[in-house]
Amino acid sequence: MPDPRDRRGVRHQLPVILAVGLAAVLTGAQSFAAIGEWVAGQSETALIRLGVGEGGGARRPTESTIRRAFARVDADLLDRVIGAFVWTRTHVVAGRRVIALDGKTVRGARTANAVAPHLVAAFDHATGTVVGQVAVAAKSNEIPAVRDLLACFDLTGVVVTVDAMHTQGETAQAITDGGGDYLFTVKKNQPTLHRACKDLPWDNVPSHRVTTRGHGRRVTRTIKVVTAPTWVHFAGAAQIAQVRRTVTRGGRKSVEVVYLITSADHQSAPPATLAAWVQGHWGIENRLHWVRDVSFDEDRSQVRTGNAPQVMATLRNTAISLFRQAGWTNIAAALRHHAAHPDEAVTCLLTC
């Protein structure tokens, strides 16, 4: 990572500042004030393990030092570097990596003169880790940002799952050209394709059904899959699926029907596999975005200067990834544990 600061007067190297910031986030720090307090309260031994004092800088990095560095660091490059590291620790399931992409706005970073940054993350279904993130450019939207993020990966053997906004021929082409497969939701933003999917003879198609119970409700998911007809003009389309989701709660029933299109053929993606990919995609909402909002209170963060909001979001993503790699399934519990045992936060950072 290039250091954006003037070399004159630099006391702490950039990797050290990033390391102490991440270690503090692993204990639940949500602001620069909290990070500064965490650094001030740590033992000399713990800080030496993070590199503080190397190169002749014996003093601890202060809140203002960390704030200035985070505001100026190249946030997109930091995301790429950390994402590449986490990518090496993702899982291949049945010969494939399955990656979900979705965006989230860091609402607390909105100011009177600037909109809140909107960040698109890439989330590994199997491990629950974040393998990439990119900021949506000002006056743009998620669609080109997703393509920019996909360009960072070797997509060979990768399945990409996205929501209906990204059911775009150009995105499909980018994924298949890169050697991967896609699973897209088809909604009315693609009216011709949606109508064609809806009009297929689903009554004559055998179904795969799974019922789950929990949280006071019963959910039945039924999926039917057909080979994509030749008249479906969508890049790489191999199969079309209908998913019917029936939820029963307190005696009341609701039914939702959605359609899917995928470039994966029936041999590599039979109905049960497609159903697992569909359900796994929503992990990016409840295992990443929800965790950042609730466990890290991201939407109320007052970090607003320069690139700092994206950098802090990156550190939260990285903390979640490190915890999941270490075997934690409850991130809130992991934060409480490491807040009580800060030396373990340092160990987690240095050994994962």
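All values reported here derive from a predicted model rather than from experimental measurement.

Cut-offs applied
- Residues numbered from 1 in each chain as written.
- Predicted model: local features only at pLDDT ≥ 70, side-chain atom pairs only at ≥ 80, totals over all residues.
- Heavy atoms only, no water.
- Core = buried A, V, L, I, M, F, W, Y, C linked by side-chain atoms within 4.5 Å.
- Buried < 20%, exposed > 50% of the residue type's maximum accessible area, 1.4 Å probe, protein only.
- Helix = DSSP H or I, 4+ residues; strand = E, 2+ residues; numbered from the N terminus.
- Contact = heavy atoms within 4.5 Å.
- Pairing = 2+ DSSP bridges.
- Salt bridge = Lys/Arg side-chain N within 4 Å of Asp/Glu carboxyl O.
- Axes fitted to C-alpha atoms, helices over the stretch in contact; angles between N-to-C directions.
- Polar contact = N/O pair within 3.5 Å; in protein donor to acceptor, adjacent residues only side chain to side chain.

Trainee: Quick one: what's the story with the nonpolar core, residue by residue and with numbers?
Mentor: Residues F70, L101 and I261 are the most contacted members of the largest nonpolar core, which totals 86 residues. It is helix α1 (residues 14-26) that provides the largest number of residues to this core, a total of 11 residues. Every residue in contact with L101, bar those within four places of it in the chain, is listed here: A121, A122, V146, L149, L150, V160, T161, V162, H281 and I284. Within the second largest apolar cluster, 14 residues are counted, among which are L183, V243, A264 and V278.

Trainee: With reference to specific residues and values, describe the pairing of strand β4 (residues 158-162).
Mentor: In terms of residue burial, β4 counts as a mostly covered element, since five of its five residues are buried. Side chains of β4 alternate between two faces, with V158, V160 and V162 and V159 and T161 buried alike. Examined bridge by bridge, strand β1 (residues 97-105) and β4 share four bridges and lie parallel to one another. Bridge pairing in β4 links V98 to V159. By the bridge criterion, four bridges tie β4 to strand β5 (residues 181-186) in an arrangement that is parallel.

Trainee: For the pattern of salt bridges, give the residues involved together with the corresponding values.
Mentor: Oppositely charged side chains can form a pair if their charged atoms are brought close together. Here the structure, examined in full by the defined rule, presents 11 salt bridges. Here R5 ties to D3 by a salt bridge, and the two come within 2.6 Å at their closest N and O atoms. Between D293 and K104 there is a salt bridge, with its nearest N and O atoms 2.9 Å apart. Placement of D293 in helix α10 (residues 283-294) and of K104 in strand β1 is noted, with a sequence separation of 189 residues between them. Three or more residues joined by partner-sharing salt bridges are found here, namely K104, R107, R292, D293, E298, D299 and R316.

Trainee: Let's hear about the sheet that holds strand β6 (residues 207-214): which residues, and what values?
Mentor: With mixed pairing, nine strands are arranged side by side in an open sheet as β3-β2-β1-β4-β5-β9-β8-β7-β6. Since the sheet does not close on itself, it has two edges, and those belong to β3 (130-135) and β6, each with one partner. Pairs of neighbouring strands in the sheet enclose a mean axial angle of 20 degrees, with direction left out of account. Pairing between β6 and strand β7 (residues 217-227): eight bridges, direction antiparallel.

Trainee: Go over the side chain of N317 with me, naming the residues and quoting the values.
Mentor: Its location among the elements puts N317 in helix α11 (residues 308-325). Relative accessible area serves as the criterion here: at 3%, N317 is assigned to the buried category. Of the polar contacts made by the side chain of N317, one reaches the side chain of Q133; its length is 2.7 Å. A distance of 2.9 Å separates a polar atom in the side chain of N317 from a polar atom in the side chain of R292.

Trainee: Any details on the side chain of T262? Residues and values, ideally.
Mentor: Within the secondary structure, T262 is located in strand β9 (residues 252-262). Given a relative accessible area of 2%, T262 falls into the buried group. For T262, the side chain forms a polar contact with the main-chain oxygen of Y182, separated by 2.7 Å. For T262, the contacting residues outside a window of four places in its chain are Y182, L183, G236, A237, A238, Q239 and L274.

Trainee: Outline unusual backbone geometry, supporting the account with residue identities and numerical values.
Mentor: Among all residues save glycine, negative phi is the norm, and among peptide bonds the norm is trans. For H215, which is not glycine, the phi torsion reads 55 degrees and is therefore positive. Examined against the element boundaries, H215 turns out to sit in the loop between β6 and β7. Here the phi dihedral of D297 falls at roughly 55 degrees; this positive angle occurs in a residue that is not glycine. Examined against the element boundaries, D297 turns out to sit in the loop between α10 and α11.

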